[in-house]
Amino acid sequence: LPLMIMFMMYNGFLVTKATVPDFMVWALYCSPFYYTIANLARDLYDDPECPGCMAVINTYGFDDAPDKTVGIIILVILFFLFRILQIFALIYMNNPEC
């Protein structure tokens with residue numbers, strides 16, 4: 001649960017790249033929500049003819065976020081990483097013989 005709360009806080013919307021402290025910038029890149037929200041914002045607001053739309057992208061720092069394919073690859077890697085960590089936690093923390 002604490003990891004999920006950190007991921008939700010450092011999603012690029014609540015805590016942007018401009019407001020995140022330097023020692024916590026890694027939390028943005030570890031958060032699966034960051035890649036999801038960045039890609040959604042770029043899909044919705046990436047219109048050069050709309051100045052208000054581009055202001056949203058620039059304000060939240062989504063202009064230099066990874067593109068869609070990199071975001072999807074990172075989400076798949078994070079999914080498998082957390083699934084493996086879950087399996088090890090269930091094996092070693094739930095086993096009374098260890």
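What you see is a predicted model, and the numbers here were worked out from it, not measured in a lab. (Residues numbered from 1 in each chain as written. Predicted model: local features only at pLDDT ≥ 70, side-chain atom pairs only at ≥ 80, totals over all residues. Heavy atoms only, no water.)

**Here we look at the packing of aromatic side chains**
Moving on, step 1. Under the criterion given, the structure shown has seven aromatic pairs.
Moving on, step 2. Plain terms: the ring middles of Tyr60 and Phe62 are 6.1 Å apart, the flat faces sit at 25 degrees to each other, and that makes the pair stacked.
Moving on, step 3. With relative accessibility at 2%, the residue Phe62 sits in the buried group.
Moving on, step 4. Members of the aromatic cluster, joined through ring pairs, are Phe13, Tyr60 and Phe62. (Phe/Tyr/Trp six-rings, centres within 6.5 Å; stacked < 30°, edge-to-face > 60°. Buried < 20%, exposed > 50% of the residue type's maximum accessible area, 1.4 Å probe, protein only.)

**So, the side chain of Asn11**
Moving on, step 1. Structurally, Asn11 can be placed in the loop between helix H1 (2-9) and helix H2 (25-30).
Moving on, step 2. In terms of polar contacts, Asn11 uses its side chain to reach the backbone carbonyl oxygen of Met8, at 3.1 Å.
Moving on, step 3. A polar contact of 2.8 Å, which involves the side chain of Asn11, links it to the backbone nitrogen of Phe13.
Moving on, step 4. With sequence-adjacent residues up to four places away left out, Asn11 is seen in contact with Leu28, Ser31, Phe33, Tyr34 and Ile37. (Helix = DSSP H or I, 4+ residues; strand = E, 2+ residues; numbered from the N terminus. Polar contact = N/O pair within 3.5 Å; in protein donor to acceptor, adjacent residues only side chain to side chain. Contact = heavy atoms within 4.5 Å.)

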